[in-house]
Amino acid sequence: MRVPLSWLREYVDLPATETGRDVQAKLISVGLEVETVEQLGDGLKGPLVVGKVLTIEELEGFKKPIRFCTVDVGQANGTGEPQEIVCGARNFAVGDKVVVVLPGAVLPGDFAIAARKTYGKTSHGMICSGDELGMGDDGSHGIIVLPPEHEVGTDAIELLQLVDEVLDIAVTPDRGYALSMRGVARETAIAYGLPLRDPALLDVPGPNAFGYPVQVSAPLGCDRFTARTVTGLDPEARSPLWLTRRLQKAGMRPISLAVDITNYVMLELGQPLHAYDRSRVQGPIGVRRATQGEKLTTLDGVTRTLDAEDLVITDDRGPIGLAGVMGGANTEIDDTEGTTTEVVVEAAHFDALSISRTARRHKLASEASKRFERGVDPQAASAAAQRTVDLLVLLAGGTADAGVTEVIAPSAPHTITIPANHPDKVAGVDYGRETVVRRLQQVGCDVYGQDELIVTVPSWRPDLTDPNDLAEEVIRLEGYENLPSTLPKPPAGRGLTDRQRLHRRVGRALAGAGYVEAPNYPFVGEHVFDQFGLAADDPNRKVVKLVNPLSDEEPALRTTLLPGLLGALRRNDGRGSHDLALFETGLVFHPREELKIAVRLPVDRRPTDEEIASLTEALPLQPRHAAVVLTGAREQTGWWGKGRPSDWADAVESARVLAREAGTELIVRGGQYGPWHPGRCAELAVVVEGVEQIIGYAGELHPGVLKTLGLPARTSAMELDLDVLELASSGVPKGPKISTFPVATQDVALVVDASVPHADVEAALREGAGELLESIRLFDVYDNAAQLGEGKKSLAYALRFRAADRTLTVDEASAARDAAVALAAERTGAVLRG
């Protein structure tokens, strides 16, 4: 919103010494985002006067048309003689009043004017265009031709209001009232502690039966519609300079008198309006929802196919306007023909959500829709219509019709009950009841009560819905800069949960193992599941789709972390980083079987357990996963020795790292799933309350998947469910007890069938060894068919035995080893090698 300071002063008696920078600081202090203060006419210096063109001589022999003019500038040149000026523009004629800058003047941009010889003539000044004076877009892009009533020699700087300051305010979506001079003036008056001259306080006649007929069939979309009629307009009347200049300073282009007046009133009061050529409207004006597929040609000349949710203005022929967005071409006031003598003025209040959706659906943002979707004062419609009628009568010589139409859906003002000390509690400052009441009344609220205040919200503040909104108003007007800087004091016992502690330990452990965290957006496209080779009935294919996704290519929430991680790996590999180990911990999303609607939680108290549970049931299931991806070298080659590439075993080891952090025994066995190589995939499981649950997979990815995704060969990955891992956890891992007694180590090499998993052999050894076993480690795998036989392999383990209260004897350690080997032989068919 562009706010000329000269216009703002009409509603607030600001001190004469206050500059735009001063007003900017005040408005920022009350919460408005004033981005810049533009100095119009900065560096402009006269003489700049009104002149009358006396003669025009066409100069021949040049590449472009050139005219040698004499212009009467009165006594402004000190002689009273006609001023000789060379000009290339052609949109003026003899007898026209124009703006003339004389030698010695300086135009914006430090452009000094002096007499100079050009095209064989001496030009003593310039005939000016709007662009040269920094006036903005007037639609003509030519010489300024003034109305004939202006006297020759008049100071054009004051006449055209060329020197001014314009505040550019970035209006946030919750402060739609600031998209008007009325709203900004109210904030200015509050900031300076001055009275406000409200431009909406007008004498408005009541509705009667003689107004233009209006039928509202969609009261939920349009709860107020005011129609006024003005007849006897002068079709030749043009917008006066003061009106066009204010529109230009506010960033709008003058078009025609009727349209300029509706735009002016919209800027002044914040109420969008529309003027119809009464002779082109057939029958009563109606408001209804569009019929699916209905057509409407809007003022921009585009024929639009309407949606059933669009709100339209109609007459007997059908739609004549897209309500709250743009009017239709078939009832347009055509200024070029100059035939419009009667207009119907519309001032209506439309549903913000409906207008917002219509504007986005048709990609048709307008000044009207920008205001309606942020909230317009419904009580201002009658005043805006009256203001428009008054200006049409004043500037176009019209006559206001006695008929007044108002269609109003019944509604009650919004009230909020708030403790008088609620702003004190929110801000941590003792404002006191008197300050709270005074600030709320300044905003426009009616306040009653003592300790418990009943606050009636003003019609122009639809954003005030809760006690905290009122508290924010008090705090911002008292000054955010006056809030003390204090640290919050959380109550005891509100530290991290076990789940949060596990997540932090997991991140630190993976970082310590050489992985780099790479968080990704939680969005996926369903085509990725085909690339991963997931079965048609795989649960991960059931996704939660977003109503308004950031990208049409990724409209769903992820059910696995791998697409984002593998995408990050591909990008980094493509940019020259070939040795990569990335990890991510984050939520994945699974739809519930039954869809429920979320309840709106209160903000003035803590939600009950039942309300929180109800909200949780309406959300998707959101387990937290951890995943890693690896490619390239796992250990670099150097003077310290030979390096090695990453492989499936590193992915499996990353899962073991997480299990150790959770204090959980991880079950690792051969498996097959989705994107993993069927021969190099490990299935990961844990035991939760006596029941084994699969929590993820690890290993090398399938070559076909790698080719499809454009990933390096032998890329490995791991993903598991952290929440289930936590359920199997024994809590925070405890530090080991350090024994003062020595360890007894026994090595065994067992020959088993090549198909027997190492995990089964280890489990049997661990169980058979009993409580004396401290640790077990596989340190060698040997599969020489000549020595072991066809289809056999040798697994060598180091068994460490220790007792907590004594030194073990050789016989005790050997007995424990023999018991372990015996159970392994019984369960897996293992025999001692050699």
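Residues numbered from 1 in each chain as written. Predicted model: local features only at pLDDT ≥ 70, side-chain atom pairs only at ≥ 80, totals over all residues. Heavy atoms only, no water.

## So, helix H13 (residues 498-512)
To be explicit about the condition: In DSSP terms, a helix is any run of H or I states spanning at least four residues, a strand is any run of E spanning at least two, and both are numbered starting from the N terminus. A helix is expected to reach a length of 1.5 Å times the quantity of its residues less one. Only protein chains enter the accessibility calculation, which uses a 1.4 Å probe. A residue is then buried if its area is under 20% of the maximum for its type, exposed if over 50%, and partly exposed in between. Note on definitions: a residue-residue contact is assigned when non-hydrogen atoms from the two residues lie within 4.5 Å.
Helix length check: H13, at 15 residues, gives a terminal C-alpha distance of 21 Å against a target of 21 Å (1.5 Å per residue), a fit within 8%. Buried within H13 are the following residues: Leu502, His503, Arg505, Val506, Gly507, Ala509 and Leu510. The inward-facing, buried residues of H13 abut strand E31 (580-587), strand E32 (624-631), helix H17 (648-662) and helix H19 (722-727). With its phi angle positive at about 100 degrees, Gly514 sits one or two positions after the end of H13.

## Digging into the packing of aromatic side chains
Threshold: Within 6.5 Å between ring centres, the rings of Phe, Tyr and Trp (the latter by its six-membered ring) count as paired, and their orientation is classed by plane angle as stacked under 30 degrees, edge-to-face over 60, tilted in between.
As enumerated under the stated definition, the model contains 9 aromatic pairs in all. Measuring from ring centre to ring centre gives 5.5 Å for Trp242 and Tyr264, while their planes differ by 85 degrees; the resulting arrangement is edge-to-face. Of this pair, Trp242 sits in helix H5 (residues 241-249) while Tyr264 sits in helix H6 (residues 257-269), and the two are 22 residues apart along the sequence. Among the residues examined, Tyr264 registers a relative accessible area of 1% and is labelled buried. Taken together, a centroid distance of 6.3 Å and an interplanar angle of 35 degrees make the contact between Tyr673 and Trp676 tilted. Overall, the relative accessible area of 4% leaves Trp676 in the buried class. These aromatic residues form a ring-pair network of at least three members: Trp7, Trp242 and Tyr264.

## Considerations on the sheet that holds strand E14 (residues 214-216)
Operational definition: A pair of strands is considered paired only if DSSP assigns at least 2 bridges between the two.
In space, the 5 strands of this open sheet follow the order E14-E17-E20-E21-E22, with mixed pairing throughout. Since the sheet does not close on itself, it has two edges, and those belong to E14 and strand E22 (326-327), each with one partner. By the bridge criterion, 2 bridges tie strand E21 (residues 318-322) to E22 in an arrangement that is antiparallel. In the strand pairing of E22, Leu322 is matched with Met326.

Interpretation in functional terms is not warranted from these geometric data alone.
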